Amino acid sequence: MTTRQRHIAHLHLHAALTEDQYGDVIELMSGITPHVQAVPPNAVQMDLTSALRYFDLPPYDVVQLAMLRLKAHYGIESSAGLAGNRMLAAMAADASAPGETTWVPVSEAAEWLYPRPVTALPGIGRTMADTLGRYGLHTIGQVVDLPAGTLQRLLGAGPARLLAERARGHDPRPVTPAEPAEHLIADLVLERDCLDPARHHRAVLGLADQIGQRLRGERQITSRLTLTVRYADRSSTNRTRTLPEPTNHSPSLAMTALGLLNALGLQRARVRAFVIRADALLPANSTYRQLSMDPGDDRARAAEAAADRARRRFGPETIRPATLAGRLP
């Protein structure tokens, strides 16, 4: 049986963040993948493996999407590393200048590590570095080439074994969120400041559809939606509404989201981005759906289920609501 290759991203945030700001960043990144781990004081790691199919993008492009969202929403510059495990991703981020991403594919990890200084490996303190340096071991490649018995005589069995594993790029640790995801978010950063109410309408409708797809894919329902609108001057407004009943049905979510948009009375506001947050999540099988005498409702849900199956097989853009045909703003 083959093991699915992991794609881990490590983002260094070039900003001094308060605890609340750090939490906002974690929440924003959870809109890309639920597998987000804080690396205090100013970094995050994400397992992108399950997100690639949803976004239908290569791993590198998903990292660029994350960096763009950080810059657009909070003005935070970041540098990133992308690799097959947490250690390599963090090392790659350390090697990246602000605004840049270093990608270390699994097939190239050994070659990438070989010439790097041994002190670039995590856990190499001054004492161990001095010991290795006295014996002419300055690069990771030199450690890899050293016989295991010799390394054990220098460091002891336990430290030598751990160093050898790291020098070969091995790190089995998973990305572990602090707690299970209790919400989902979908956001859209517009290509330019937008004044057009019709485009605002389409943007919110598209985000509500995304939330519905993700809820159904994760077999969850939501009881509450929050719409956040960010403006050209970096200010923002929020509106929250409890749904008539918990649901993952896209038309019901869209109706609530558009109601929130209308309540804001944006008129000719210069909008930079929209965010929809679904929280108060529950397992989809934990509640009963209110029965409807309208046969059209059952047909709509059957069509929605068929569309979800088509998206899982052929990609998320295979089927879209008619009102979203064409290009979103």
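Higher on the page you've got the structure.
The paragraphs below set out a description of the structure included in this document.

Conventions and cut-offs
- Think of each chain on its own: its residues are numbered from 1, step by step along the sequence as written.
- A pLDDT threshold of at least 70 governs which residues receive local features in this predicted model, and a stricter bar of 80 or more applies before side-chain atom pairs are shown or counted, although totals over entire chains, interfaces and linings include all residues.
- Derived side-chain values reflect all non-hydrogen atoms in the structure, with water molecules and hydrogen atoms excluded from consideration.
- By the criteria applied, helices consist of DSSP H or I runs no shorter than four residues and strands consist of E runs no shorter than two, each listed in order from the N terminus.
- The buried label applies to any residue whose accessible area, calculated with a 1.4 Å probe on protein chains only, is under 20% of its type's maximum; exposed applies above 50%, and partly exposed to all values in between.
- Throughout, a contact is declared for two residues whenever any of their heavy atoms are within 4.5 Å.
- Per-residue accessibility takes into account occlusion by the displayed protein chains alone, with areas from the Shrake-Rupley method and a 1.4 Å probe.
- Every case where a carboxyl oxygen of Asp or Glu lies within 4 Å of a side-chain nitrogen of Lys or Arg is listed as a salt bridge.
- Cavities and pockets were defined on a 1 Å grid built over protein atoms only: a cavity is a set of grid points that admits a 1.4 Å probe from which the probe cannot escape, a pocket is an open set flanked by protein on both sides within 12 Å along at least five of seven lines, and lining residues are those with an atom within 4 Å of any such point.
- Grid points are joined across faces, edges and corners, and a volume is the space filled by probe spheres set on the points.
- For this scheme, ten residues count as nonpolar: Ala, Val, Leu, Ile, Met, Phe, Trp, Tyr, Cys and Pro. Four count as charged, namely Asp, Glu, Lys and Arg, and the remainder, Gly too, count as polar.

### Examining the overall build of the protein
If you tally the helices and strands in the protein, you get 12 helices and 10 strands. When burial is assessed residue by residue, the protein has 45% of its 329 residues classed as buried. For the protein, restricting intrachain contacts to residue pairs at least 6 apart in sequence, the fraction spanning at least 24 positions comes to 68%. Accessible surface for the protein amounts to roughly 17300 Å². Of this, 53% is attributable to carbon and sulfur atoms.

### What about the pattern of salt bridges?
Here the structure, examined in full by the defined rule, presents nine salt bridges. Taking the shortest distance from any N to any O, the salt bridge between D187 and R69 comes out at 2.8 Å. Here R69 lies in helix α3 (residues 59–74) and D187 lies in strand β6 (residues 183–194), a separation of 118 residues in the sequence. In this structure, D196 and R199 form a salt bridge, with 4.0 Å as the shortest nitrogen-oxygen distance. By sharing partners, the salt bridges in this structure join E27, R224, R277 and D279 into a single network.

### Some words on empty space enclosed by the protein
Applying the stated criterion across every chain yields a total of two cavities of 30 Å³ or more. The space that makes up the largest cavity amounts to roughly 60 Å³. For the lining of the largest cavity, the elements supplying multiple residues, two or more each, are α3, β7 (220–231) and β9 (271–279). For the lining of the largest cavity, the residue count by class is three nonpolar, one polar and three charged. The computed volume of the second largest cavity comes to approximately 40 Å³. In terms of lining, the second largest cavity is formed by G31, Y54, F55, R69, I185, A186, D187, Q210 and R214. Taken together, the elements giving at least two residues each to the lining of the second largest cavity come down to α2 (51–55), β6 and α10 (197–217). Residue contributions to the lining of the second largest cavity peak at three residues, all from β6. Considering only residue class, the lining of the second largest cavity consists of four nonpolar, two polar and three charged.

These figures come from the coordinates and say nothing about function on their own.
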